[in-house]
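The residues making up each chain are set out below.
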Amino acid sequence: MSPANANTVTAENQQQVFIPPQILRRAPRDYQQIDIYKDINPLDWEDWHWQLKHRIRSKDELSEIIKLTSEEEKGINKASGRLSMAITPYWATLIDPEDPECPLRRQSVPTIAESVIGPHEMTDPCAEDRDSPARHLVHRYPDRVLLLATEHCAMYCRHCTRRRLVGEHSESDSSSKFDAAIEYIKSNRKIRDVLISGGDPLILEDEVLEELLKSLSGISHVEFLRLGTRVPVTLPQRITEKLVNILKKYSPLWISIHFNHPKEITKRCKIACDMLAEAGIPLGSQTVLLKGINDRPYIMKKLMHELIKIRVRPYYIYQCDPVRGTQHFRTPVACGINIMEKLRGYTSGYAVPTYVVDGPGGGGKIPIGPNYILSQAKGKYVLRNYKGKIYTYLE
Ligand SMILES: *Cc1c(COP(=O)(O)O)cnc(C)c1O
Ligand code: SF4
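The model shown is predicted, which means the values in this text are computed figures rather than measured ones.

Rules used throughout
Residues numbered from 1 in each chain as written. Chains lettered and ligands numbered in written order. Predicted model: local features only at pLDDT ≥ 70, side-chain atom pairs only at ≥ 80, totals over all residues. Heavy atoms only, no water. Near = heavy atom within 4 Å. 1 Å grid on protein atoms, 1.4 Å probe; cavity = no way out; pocket = protein on both sides within 12 Å on 5 of 7 lines; lining within 4 Å. Sits in = over half its atoms within 2 Å of the grid points. Nonpolar A, V, L, I, M, F, W, Y, C, P; charged D, E, K, R; others polar. Core = buried A, V, L, I, M, F, W, Y, C linked by side-chain atoms within 4.5 Å. Buried < 20%, exposed > 50% of the residue type's maximum accessible area, 1.4 Å probe, protein only. Domains from an automatic or database assignment. Contact = heavy atoms within 4.5 Å. Polar contact = N/O pair within 3.5 Å; in protein donor to acceptor, adjacent residues only side chain to side chain. Helix = DSSP H or I, 4+ residues; strand = E, 2+ residues; numbered from the N terminus. Pairing = 2+ DSSP bridges. Axes fitted to C-alpha atoms, helices over the stretch in contact; angles between N-to-C directions.

**Some thoughts on the site of ligand 2**
Taken together, Cys153, Met155, Tyr156, Cys157, Cys160, Gly199, Arg230 and His258 make up the full set of residues near ligand 2. With respect to the detected pockets, ligand 2 is housed in the largest pocket. Split into classes, the residues belonging to the shell around ligand 2 amount to 5 nonpolar, 2 polar and 1 charged.

What follows is the structure, given as structure tokens:
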């Protein structure tokens, strides 16, 4: 690549720097190392619309980049009718072409295991549709609402809780479709916090997103806005200067980013997060606990440490919801509790998120973790610390 493109992100910047060999069996590839991308101009590669337009949607395209297993081939064929497959070229370069257990591969490439419906699985495990007072809105907690701003994402995660909604369907992303939701928020003075999610709201065009942010921030009782997104991880090229300048105008705006594995934190991802952090936007993370992907304490700890280094404060680890076709991703709850046990005390408090189970049927997020209270009597608590040593606190 020529140095003339020094102001764009170079192939070198795409490379992984942070992850030790025991976590990464094989380094991600530069895109020029992949035959079908070798002639792509770096300016195109850096263009988020180019990335979106060239997402990998078929078995044939994907098999030019990675060696597919028969489970994957069958899964891709079946996925056409349900949660679509779409993988950005950027994300594809991070996938290990030889290893079907690659954590990024398992999150993005469907397998036949998605056809298996587990015993307690549901279409809408968190009962979001039931708690919807207006189109695109979920109102569960007294003072805040969830706005499902789009059905589209840069990449479709195979463990997605909202797979009933998201995918490459036809619904268009125009700002008028939020009218009913905005009216509801306006007429409900208790709502002080609006979480804009989806799908992925950062997949909206700048103008549509800005219109939405403008209408919401104009409501006098709305104190702050939040965005839930995975774009800095799956399509970091979307975080442009123009976008950052729009977001900056609607401060206080917080962003929660969905991260599941340390391998996702590339130099390119860091650039995107830096741009957001430097615009004064507080960043948090959300992680889904996934079997074989991040269910080992050392991987989760590594992820939390890398997040702190890019100024993303770990916020939640979610137990994988019992959504249809995700049984192969779900761990026992004890696995999550054990991870929390191995974080608290052993690393910076800032690197310790809250582990939650979303109460099936609409209970909301319920925090769970190791129990540190051994017994409790009048005026007296018997506690244990992270090492298991016992202390008595007298009130
Ligand atoms: C997660 C969620 C929120 C936000 O919850 P916080 O704990 O405040 O981050 C709000 N509404 C719904 C329906 C949610 O699922
Ligand atoms: S980015 Fe979020 S909404 Fe989109 S597919 Fe992944 S988990 Fe689902």
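On we go from here.
**Brief notes about the nonpolar core**
In this structure, Val194, Leu216, Leu247 and Phe259 are the most contacted members of the largest nonpolar core, which totals 87 residues. Among the domains, domain 1 (23-111) and domain 2 (137-367) are the pair contributing at least three residues each to this core. With sequence-adjacent residues up to four places away left out, leucine 216 is seen in contact with Leu147, Ile182, Ile185, Val194, Ile196, Val222 and Leu225. Judged by nonpolar contacts, the second largest core, of 6 residues, contains Leu83, Ala86, Cys153 and Cys160.

**Focus: the site of ligand 1**
For ligand 1, the full set of nearby residues is Val138, Arg140, Tyr141, Arg144, Leu146, Leu195, Arg226, Tyr315, Tyr316 and Lys365. Between arginine 226 and ligand 1, the recorded distance is 2.8 Å, taken from a side-chain N or O atom to an oxygen atom. At 2.6 Å, a side-chain N or O of tyrosine 315 approaches an oxygen atom of ligand 1. One can see that ligand 1 is located within the largest pocket. Breaking the shell around ligand 1 down by element, the ones donating at least two residues are β1 (137-141), β2 (144-148) and β7 (313-318). The element that contributes the greatest number of residues to the shell around ligand 1 is β1, accounting for 3 residues. Tallied by class, the residues present in the shell around ligand 1 amount to 6 nonpolar, no polar and 4 charged.

**Some points on the sheet that holds β2**
Read from one edge of the open sheet, 9 strands run β1-β2-β3-β4-β5-β6-β7-β8-β9, paired in mixed fashion. Looking at the sheet topology across the chains shown, the edges are occupied by β1 and β9 (364-367). Strand-to-strand twist of the sheet, defined as the mean angle between neighbouring strand axes without regard to direction, takes the value 25°. Sheet topology places strand β8 (residues 354-359) next to β9; 4 bridges connect them, and they run antiparallel. By the bridge assignment for β9, valine 357 is matched with isoleucine 366.

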